[in-house]
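# Results of the structural survey
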Amino acid sequence: MESNPDNLRWLTYHHFGGKRVDYYFNHSFRAGQDNGNWWADFYATRPDLLAKSPDGTPGTPPQPGFFKLCISNPDVTQEILRRWEADGQPDFRDITPNDGNGFCTCDGCRALDREFGDVDYTPEEIWRRPDHVVLTDRYVWFWNQLILKMRAKNPRAKIGVYLYSAYRNPPKKLRVEAGIVGEMVHGFDFSHWIAWQQAGVEEIGLRPNWLYMGACGPHLPLSVAGHYIEQARSHQMSIISMDCLHEYWATQGPYYYLIARLVSRPDLTTREIRAEYCDAFGDAADVIAEYLDFWEAYHRQVGYNVPAGGSVGIDPDGLYARVSQEHFGQIMHPLRGHWKTLSHIYMPQIMREAGQILDRASSLTADTLTRGRIDFLRDGLRMVELAAHYMT
């Protein structure tokens, strides 16, 4: 995306892609991030700082950067502080855990789970981390230790974390200390946002993985996503950062447009922006609105799961869950499963119905530009058909 000047021009036009606050978030214990590469630095010399697998060793991460720390070890806190102090005690420090599974299974970390989270998972559960495993409370305890020590040295200090993966749900007992800035990586259930605020997070941002959903198809949850962002705007959202822009303009362009306009024009509602998009099709505007309705209604039946460090929000009775189980023996993670099931979701009958709506839209206008826009949407359907054929 960064190398495509048209994309950058579009993002710039919508004031999307810049920074209004000096915060940044990433999986931060890797090379090039705030805290450096702890695997390279400590695997040989201080393996006690790294997360323990069920056999008591750090194990081997599935790919570089996918490892965790033993956060109950006080030396981990001290080393993070030492590096922060060596960098001049900056006002903001990203301490988001690395991505992937492999959370620490040692007695100390499990004791934190029992004391603050009221959970007692087996080491194997914690290490493999199926979706029912929630480790938020151990992390809130850890973040609180850090920010209290940092603010004793720099009262303006803040730390940034994703609210993601095994720590995406709000804590059960602990309150979040002042100075912890969270970016929400979750599904479409806004109650989690409110619960994190009630737990003490004063600055909260939105950083969803929503645009990974639906593969390259016309996945257009406009009402659901738009309503979430509207609620976030009215609940002190301080940051919004979308993880990707995959450039599926012919299928997901309305979704991109909605998000960009909600950010650049906070005075507009989802309904108004949706109408604005359709107005670009002139005499065919009402039928294009019908086209958007068609895909939005269809994806309510599909019931895709949402990638959020694992998956959330699956509709067990939805089409995706059914075809994923039937053809692949499991409900697959979105990053893989939404591609693998393309031919089962975008079936010929569905694609014909969508194409017939576009045919009616074309019949309503003689304007060359408008017809070109409708043809562009039709090209998107053809792209999905080709991708579905490739994935079979």
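Please refer to the structure placed before this passage.
The notes below deal with the structure included here. Because the structure is a prediction, the values reported are computed rather than measured.

Criteria and thresholds
Residues numbered from 1 in each chain as written. Predicted model: local features only at pLDDT ≥ 70, side-chain atom pairs only at ≥ 80, totals over all residues. Heavy atoms only, no water. Helix = DSSP H or I, 4+ residues; strand = E, 2+ residues; numbered from the N terminus. Rg over C-alpha atoms; globule rule 2.2 N^0.38 Å. Buried < 20%, exposed > 50% of the residue type's maximum accessible area, 1.4 Å probe, protein only. Expected span 1.5 Å × (residues − 1). Bend = angle between axes of the 7 residues up to and from the residue. Axes fitted to C-alpha atoms, helices over the stretch in contact; angles between N-to-C directions. Contact = heavy atoms within 4.5 Å. Nonpolar A, V, L, I, M, F, W, Y, C, P; charged D, E, K, R; others polar. Pairing = 2+ DSSP bridges. Salt bridge = Lys/Arg side-chain N within 4 Å of Asp/Glu carboxyl O. Disulfide = S-S within 2.5 Å.

## Overview of the overall build of the protein
Each helix and strand counted, the protein has 16 helices and seven strands in total. Taken against the 2.2 N^0.38 rule, which gives 21 Å for 392 residues, the C-alpha radius of gyration of the protein at 23 Å falls within 12% of a compact globule. Projected onto the principal axes, the alpha-carbon positions of the protein cover approximately 70 × 45 × 35 Å. In the protein, which comprises 392 residues, the share counted as buried stands at 54%.

## Focus: helix α9 (residues 249–264)
A rise of 1.5 Å per residue sets the reference length of α9, with its 16 residues, at 22 Å; its end C-alpha atoms lie only 19 Å apart and thus fall more than 12% short of the reference. Of all the bends in α9, the greatest measures close to 25° and is centred on Tyr255. Counting buried residues in α9 gives 15 out of 16 residues, a clear majority hidden from the surface.

## Looking at the packing of α9 against helix α16 (residues 368–391)
Across the interface, α9 lies against α16 with an axial gap of 8 Å and an inter-helix angle of 115°. On α16, the residues that touch Trp249, Ala250 and Thr251 of α9 are Phe376, Leu377, Gly380, Leu381, Met383 and Val384. Broken down by class, the residue content of the contact of α9 with α16 amounts to seven nonpolar, two polar and no charged.

## Quick look at the pairing of strand β2 (residues 158–163)
Extensive coverage of β2 is indicated by the burial of five of its six residues. Across three bridges, the pairing between strand β1 (residues 92–94) and β2 is parallel. Bridge pairing in β2 places Phe92 opposite Lys158.

## A closer look at the pattern of salt bridges
Overall, the coordinates contain 22 salt bridges when judged by the stated rule. Where Asp91 meets Arg156, a salt bridge forms, and the shortest distance between an N and an O atom there is 3.4 Å. Of the two residues, Asp91 is situated in the loop between α3 (74–86) and β1 and Arg156 in the loop between α6 (136–153) and β2; the sequence distance between them amounts to 65 residues. Judged by relative accessible area, Asp91 falls into the partly exposed class, the value being 36%. Judged by its relative accessible area of 55%, Arg156 falls in the exposed class. A salt bridge links Arg360 to Glu290, with the shortest nitrogen-to-oxygen separation between them at 2.4 Å. Of the two residues, Arg360 is situated in helix α15 (residues 348–363) and Glu290 in helix α11 (residues 285–302); the sequence distance between them amounts to 70 residues. The exposure class of Arg360 is partly exposed, given its relative accessible area of 37%. When salt bridges that share partners are traced, they join Asp41, Glu79, Arg82 and Arg83 into one network.

## Comments concerning unusual backbone geometry
In the Ramachandran plot, Ser165 falls in the positive-phi region, its phi being about 60° despite a non-glycine side chain. Within the secondary structure layout, Ser165 lies in the loop between β2 and β3 (180–184). Overall, Ser165 belongs to the buried group, its relative accessible area being 4%. At Gln236, a residue that is not glycine, the phi angle is positive and equals roughly 60°. Turning to its location among the elements, Gln236 is positioned in the loop between α8 (222–234) and β5 (237–240). Judged by its relative accessible area of 53%, Gln236 is exposed.

## Description of the state of the cysteines
In total, this model carries zero disulfides according to the counting rule given. No disulfide involves Cys104; its sulfur sits 3.6 Å from the nearest other cysteine sulfur, which is in Cys106. Classification of Cys104 as buried rests on a relative accessible area of 1%. With no disulfide partner, Cys216 has as its closest neighbouring cysteine sulfur the one in Cys244, 13 Å distant. When its relative accessible area of 2% is taken as the criterion, Cys216 is described as buried.

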